[in-house]
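# A closer look at the structure
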Protein chains: 2
Amino acid sequence: MTRPKAYLAGPDVFLPDARRALAIKADICRAAGLEPLPPVDGESDGGAADPLARARAIARGNEALMDRADLIVADFTPFRGPGMDAGTAFEVGYMRALGKPVFAYTNLPGAYMERVQELGLIGPEGTRDRDRLLIEDFGLAENLMLATVARGGVFAPAARPADIRRDLESFRLAVAAAAEMLT
Amino acid sequence: MTRPKAYLAGPDVFLPDARRALAIKADICRAAGLEPLPPVDGESDGGAADPLARARAIARGNEALMDRADLIVADFTPFRGPGMDAGTAFEVGYMRALGKPVFAYTNLPGAYMERVQELGLIGPEGTRDRDRLLIEDFGLAENLMLATVARGGVFAPAARPADIRRDLESFRLAVAAAAEMLT
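Each value, and the rule that gives it
Counting from 1, residues in each chain are numbered in the order their sequence is written. Lettering for chains starts from A, numbering for ligands starts from 1, and both go in the order in which the items are written. At least 70 in pLDDT is required for a residue's local features to be given in this predicted model, at least 80 for side-chain atom pairs to be given and counted, and no such filter applies to totals for whole chains, interfaces and linings, which use all residues. The basis for every side-chain value is the complete set of non-hydrogen atoms in the structure, without hydrogens or water. Helix and strand labels come from DSSP, where a helix needs a run of H or I of at least four residues and a strand needs a run of E of at least two; each type is numbered from the N terminus. Residue burial is assigned from relative accessible area. The probe radius is 1.4 Å, only protein chains are included, and a residue is buried under 20% of its type maximum, exposed over 50%, and partly exposed in between. One bridge is not enough; two strands pair if DSSP finds at least two bridges between them. Whenever a helix is involved, its axis is fitted only over the stretch in contact; in every case the axis is a line through C-alpha atoms, and angles between N-to-C directions fall within 0 to 180 degrees. Residue contacts are defined here by distance: any two heavy atoms, one from each residue, within 4.5 Å place the two residues in contact. Nonpolar core, defined: a set of buried Ala, Val, Leu, Ile, Met, Phe, Trp, Tyr and Cys residues in which side-chain atoms within 4.5 Å join the residues together. The term buried area means the drop in 1.4 Å probe accessible area that two parts suffer when joined, counted for both and summed. Between Lys or Arg on one side and Asp or Glu on the other, a salt bridge is scored when a side-chain nitrogen of the former is within 4 Å of a carboxyl oxygen of the latter. Any pair of nitrogen or oxygen atoms within 3.5 Å is treated as a polar contact; in protein, a donor-acceptor pairing is required on top of that, and neighbouring residues in sequence qualify only through side-chain atoms on both sides. Any residue outside Ala, Val, Leu, Ile, Met, Phe, Trp, Tyr, Cys, Pro, Asp, Glu, Lys and Arg is labelled polar, Gly included; the first ten of those are nonpolar and the last four are charged. By definition here, a helix of n residues has an expected span of 1.5 Å times n minus one.

As annotated in an unreviewed UniProt entry, chain A carries the name Nucleoside 2-deoxyribosyltransferase and is attributed to Minwuia thermotolerans.

See below:
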């Protein structure tokens, strides 16, 4: 029987210990019956010298992995602000358009609105930020385009874990949901 | 002759004057020979009372617009941090997977790395942020998954405009590139 292939989207590739962190996640996928497809890293770029050529090689490599994948498990944990990594959001949209199931997790509890408040970005109106841009307030962990496509919702912890970049509790829940649906 | 349909992705929907801002962009598209498809706004949600049902109605509405569109013109201007709006990133990935051309603009000059520096998020190593996450340094305006799919590159101003949420210079360049390729 062929194991469903899970593309592992998220900022893990930016960690100092990226390969180790992704290897741990890959093992969790295998134990659940899924074949993990971690993203291409900067060292798998074919050695192109030009930065744009390297960037393109990585991007096209990740698209090829997504084309092969059966599903995506995506990390919605906030990244340099109240919201998730844009590259991961792109990948979720890509898989959604291909009709492949999206499973999502975040390592921070609470809704998007609460994180905007915590970071002090909220304006005097309470519904808009300091630039007067409306803050989405649907009780969702992320922007509605992202949060509403996640099967079973966005898996999240009840309390903030010690290491929001490496915690595995919510990742495990997303993988279990994917395995239950697809294996 | 049918005009190519352009989905207008970006945080305009969150502006206090969203409808006016999108009407101006729609007029620019029409003048260039494109049919504009602005995103669904919160008032076009079918009146559902439940927040999740409203979020879903908006998201499914935007997906239906993208399915009809021939191309996307996306705003990569930073949103509550150094990076772009996650919803817009999702939409770019969605259109990319459908093989539809992506045109992108940002109203801030400079590369992603410079914006991380300006916001004081850079760590002591110079290549990683304060959480020790690697900062992409390819000279691109955004994450490589996004920046490398933009036809003609990410259109950007030479200097910061007075109103980064409503400036039209870079939007006009992206629309002109789309019109040149598709009309």
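## Describing unusual backbone geometry
All names here are of chain A. Notably, R80 is not glycine yet its phi reads approximately 55°, a positive angle. For R80, the location among the structural elements is in the loop between β3 (71-75) and α3 (86-97). With relative accessibility at 12%, the residue R80 sits in the buried group. Residues other than glycine seldom take positive phi values, yet R132 does so here, at roughly 70°. Here R132 is to be found in the loop between α4 (112-118) and α5 (144-147).

## As for the sheet that holds β3(A)
Residue and element names in this part refer to chain A. If you walk across this open sheet you meet the five strands as β2-β1-β3-β4-β5, and the pairing is parallel. In this open sheet, the two strands that pair with only one neighbour each are β2 (35-37) and β5 (150-155). Neighbour to neighbour, the strand axes of the sheet diverge by 20° on average, direction disregarded. Bridge analysis of strand β4 (residues 102-105) against β5 gives three bridges, and the strand direction is parallel. Along β5, the bridge assignment pairs A104 with V154. Across the sheet, helix α2 (residues 51-68) touches β1 (5-9) and β2, and the angle it forms with β1 is around 145°.

## Things to note about the nonpolar core
Membership of the largest hydrophobic core comes to 66 residues, with the highest contact counts inside it found for A:V92, A:L146, B:V92 and B:L146. Discounting residues that sit within four places of it in the chain, A:L146 has contacts with A:F76, A:M84, A:A89, A:V92, B:A86, B:G87 and B:F90.

## Here's the deal with the sheet that holds strand β2 (residues 35-37) of chain B
Residues and elements named next belong to chain B. Across the sheet, five strands lie side by side as β2-β1-β3-β4-β5; this open sheet has parallel pairing. Whereas interior strands pair on both sides, the edge strands pair on one side only; in this sheet they are β2 and β5 (150-155). For this sheet, the mean inter-axis angle between neighbouring strands, taken without regard to orientation, is 20°. Relative to strand β3 (residues 71-75), helix α3 (residues 86-97) is tilted by about 160°, and along the sheet it contacts β1 (5-9), β3 and β4 (102-105).

## With respect to the interface of chain B and chain A
By a widespread convention, an interface's size corresponds to the accessible area lost as its parts come together. Listed per partner, the contact involves 53 residues of chain B and 53 residues of chain A. Summed over both sides, the interface of chain B with chain A buries roughly 4300 Å², with 67% coming from carbon and sulfur. It is B:R80, B:F90 and B:M145 that lose the most area in chain B upon contact with chain A, and together they represent 19% of the buried surface on that side. Here A:D129 ties to B:R80 by a salt bridge, and the two come within 2.7 Å at their closest N and O atoms. Scanning the region where chain B abuts chain A turns up 16 residue pairs in polar contact (both at pLDDT 80 or more). When residues of the side of chain B that touches chain A are traced back to their parent elements, those giving at least two are α2 (51-68), α3, α4 (112-118) and α5 (144-147) of chain B. Top element by residues in the side of chain B that touches chain A is α2(B). It accounts for eleven residues. Residue classes in the side of chain B that touches chain A are distributed as 32 nonpolar, six polar and 15 charged.

## Quick word on helix α6 (residues 169-182) of chain A
Residue and element names in this part refer to chain A. In this model α6 runs 20 Å from its N-terminal to its C-terminal C-alpha over 14 residues, within 8% of the 20 Å that 1.5 Å per residue would give. Of all the positions in α6, only S170, F171, A174, V175, A177, A178 and A179 are classed as buried. Those residues of α6 that are buried lie in contact with β1, α1 (18-31), β3, β4 and β5.

## Some details on the environment of A:P4
Residues and elements named next belong to chain A. Tracing the backbone through its elements, the reader meets P4 in the segment before β1. Measuring from C-alpha to C-alpha, the distance between P4 and L182 comes to 6.7 Å, with 178 residues separating the pair along the chain. Leaving out residues up to four positions away in the same chain, P4 has contacts with G33, L34, E35, D70, L71, L182 and T183.

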